[in-house]
Amino acid sequence: MRVLATLLMATVLGVVRGVIRTPLEAFRPSGEIHLKRPDKLPLLPHRRTAMQAKSGLKILYQIGTSEEDLPECRARQVCSKADLYDATQPWIERKCRCLGHKPCSSELSADDNHTLSDKTTLYKTCEPIKRLPKCRYFKDAAWTIYSFPDTNATQQIVNCHCPKASMTYLLKKLSYTTASGELGNQYQFACSPLSRLRCSRKEPCKLFSVRRRHEQIDEVNASTICQCPRDHTCPRHHTEPGVLPGVTYAAEDIRTYHGYCMPEPTLDTYRFVGDKD
C-alpha cells in the first residue's frame, strides 16, 4: 500500500513539474483576452510607487548558484536573459556558459551585437546576431524553447532575428524525446508586426502573466492585444491603475491581470497666490 501511495505521489509531482516548466512567454490562454470589463472599472488597492534603482544587479541562475554550475551553451543558444520590465529593479537570468571561456554579455542594452530584443526582455547570445538571417513574418521560427523534465530547466535556441518594430508569439507546441528518454516539450515562436487594431469598448488592451521568481522579483510577460483610442493609454505595469486581476493558476504559479485603456491625465491649472483675476 505504501509503495502504491509513493508511486501515485511521484506521478502527481511529475505532472505538476511538467506544468511549471512551461515558459512564461508561452502562457497566454486564449480565454483571457476576450473578457469584457465591468461598466465601472475599479482601481486596484495598490499602486506602483516610485523606487530608486538598486546599485546591485540581481543575477539568477537557471541551474545551480554559480557560473560553474551552468552547462555549456549549444550553438546559437541564449546564454542570458535580461529582464527590464521593472526599470527600478532589472535582473538577469544566466542560462549557460559560452564555449572557450568567452563571457556572456551582461549589458542592459541591445547595442552589443549579442542581443535580441522582445518586449521588455533582452536575450543574449554567445555569437554575434549579425550572423543570423532575418525572419519572415508568421512563417519562420525565430527561436525554439526546449523544456527538460529531469532538470526543470529550459533551453532557448535562436534561428533568426525578427524585423524591427515586431514582437514574437507562440507559433506551435510540439513534443519531443530527450536524450535520457523522457518526454519534453518544444515551443516555437514566430514574428509578427505590432498590433494596430483599435480596442473595442470594454476590451482589455494588454494581458499580464506574472510568476514569482525570487523573493521580491516577479517575471512578467506583457502581451499587447490592441491599441487604445485617442487620448487613452494602456497600463505598462500590472500594478498601475486600470489593471484588474484575472485568473490565478496555482499549479503553474502564474497570476494573470488585464489592463484596460484609461483616459490620459489632464493638466490642472493652478492659481498662485498674488495672481490677478
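Residues numbered from 1 in each chain as written. Predicted model: local features only at pLDDT ≥ 70, side-chain atom pairs only at ≥ 80, totals over all residues. Heavy atoms only, no water.

Enquirer: So what's going on with the overall build of the protein chain? Residues and values would help.
Expert: Summing up its helical and strand segments, the protein chain has one helix and 15 strands in all. Counting the 277 residues in the protein chain, one finds 41% classified as buried. Contacts spanning at least 24 positions in sequence make up 65% of the contacts within the protein chain whose residues lie at least 6 apart. In the structure as shown, the protein chain presents an accessible area of about 16900 Å², 55% of it carried by carbon and sulfur atoms. (Helix = DSSP H or I, 4+ residues; strand = E, 2+ residues; numbered from the N terminus. Buried < 20%, exposed > 50% of the residue type's maximum accessible area, 1.4 Å probe, protein only. Contact = heavy atoms within 4.5 Å. Areas by Shrake-Rupley, 256 points an atom, 1.4 Å probe, with all protein chains shown as cover.)

Enquirer: A description of the sheet that holds strand β3 (residues 91–94) should follow, citing residues and the corresponding values.
Expert: A sheet is described by the order of its strands in space; here five strands give the open sequence β1-β3-β2-β5-β4, paired in mixed fashion. The sheet is open, and its two edges are formed by β1 (58–61) and β4 (115–118), each paired on a single side. In this sheet, neighbouring strand axes are inclined to one another by 20 degrees on average, regardless of whether the strands run parallel or antiparallel. Here four bridges tie strand β2 (residues 78–83) to β3, and the two strands are oriented antiparallel to one another. Opposite Asp83, over in β3, you have Trp91 as the bridge partner. (Pairing = 2+ DSSP bridges. Axes fitted to C-alpha atoms, helices over the stretch in contact; angles between N-to-C directions.)

Enquirer: Could you give an account of the state of the cysteines, with specific residues and numbers?
Expert: For the coordinates displayed, the defined rule picks out eight disulfides. Linked covalently through their sulfurs, Cys135 and Cys160 form a disulfide whose S-S length is 1.9 Å. The disulfide joining Cys135 to Cys160 has a torsion of about 110 degrees about its S-S bond and is therefore right-handed. In this pair, Cys135 sits in the loop between β5 (121–125) and β6 (141–148) while Cys160 sits in the loop between β7 (153–158) and β8 (166–177), placing the two residues 25 residues apart along the sequence. (Disulfide = S-S within 2.5 Å.)

Enquirer: Summarise the nonpolar core; cite the residues concerned and give the values.
Expert: Within the largest apolar cluster, 15 residues are counted, with the highest numbers of intra-cluster contacts made by Leu116, Ala142, Trp143, Val158 and Phe189. When near neighbours in sequence (up to four residues on either side) are disregarded, Val158 contacts Arg76, Val78, Leu116, Thr125, Leu132, Ala142 and Trp143. In terms of nonpolar packing, the next biggest core, distinct from the first, is built from seven residues, Val210, Val220, Ala222 and Val243 among them. (Core = buried A, V, L, I, M, F, W, Y, C linked by side-chain atoms within 4.5 Å.)

Enquirer: Explain the confidence of the model for the protein chain to me, and be specific about the residues and the numbers.
Expert: Across the protein chain, the average pLDDT comes to 80, with 78% of residues at 70 or higher. Within the protein chain, no element has a lower average pLDDT than helix α1 (residues 2–20), which sits at 40, and none a higher one than β2, at 96. Counting interchain partners and residues more than four positions distant, the pLDDT-below-50 stretch residues 1–20 has 11 contacts. A low-confidence stretch, residues 43–55 (pLDDT under 50), is modelled with 20 contacts involving residues beyond four sequence positions or located in other chains. (pLDDT = per-residue confidence, 0-100.)

Enquirer: Got a sec to walk through the side chain of Thr239? Specific residues and values, please.
Expert: Checked against the element boundaries, Thr239 lands in the loop between β12 (232–233) and β13 (243–249). Of note is the side chain of Thr239, whose polar atom sits 2.8 Å from the side chain of His237. (Polar contact = N/O pair within 3.5 Å; in protein donor to acceptor, adjacent residues only side chain to side chain.)

Enquirer: Give a description of the packing of aromatic side chains that names residues and reports values.
Expert: Each pair of aromatic rings is reported with the distance of its centres and the angle of its planes. Within this structure, the stated rule accounts for five aromatic pairs. Between Tyr137 and Phe138, the aromatic rings sit 6.1 Å apart at their centres with planes inclined by 45 degrees, giving tilted as the arrangement. When the centroid spacing of 6.2 Å and the interplanar angle of 50 degrees are considered together, the rings of Phe138 and Tyr169 count as tilted. Highlighted residues: Phe138 in the loop between β5 and β6 and Tyr169 in strand β8, separated in sequence by 31 residues. Judged by relative accessible area, Tyr169 falls into the partly exposed class, the value being 25%. An aromatic cluster is built from Tyr137, Phe138 and Tyr169, whose rings are joined through pairwise contacts. (Phe/Tyr/Trp six-rings, centres within 6.5 Å; stacked < 30°, edge-to-face > 60°.)

Enquirer: Which residues make up empty space enclosed by the protein, and what values go with them?
Expert: Per the counting criterion, the structure on display carries one cavity of 30 Å³ or more. Estimated volume of the largest cavity: approximately 100 Å³. If you go around the largest cavity, you meet 13 residues; those closest to its centre are Glu25, Thr121, Tyr123, Val220 and Asn221. Counting only elements with at least two residues in the lining of the largest cavity, the list comes to β2, β5 and β11 (217–224). At four residues, the largest contribution of residues to the lining of the largest cavity is made by β11. Its residues placed into classes, the lining of the largest cavity shows four nonpolar, three polar and six charged. (1 Å grid on protein atoms, 1.4 Å probe; cavity = no way out; pocket = protein on both sides within 12 Å on 5 of 7 lines; lining within 4 Å. Points joined across faces, edges and corners; volume = space filled by probe spheres on them. Nonpolar A, V, L, I, M, F, W, Y, C, P; charged D, E, K, R; others polar.)

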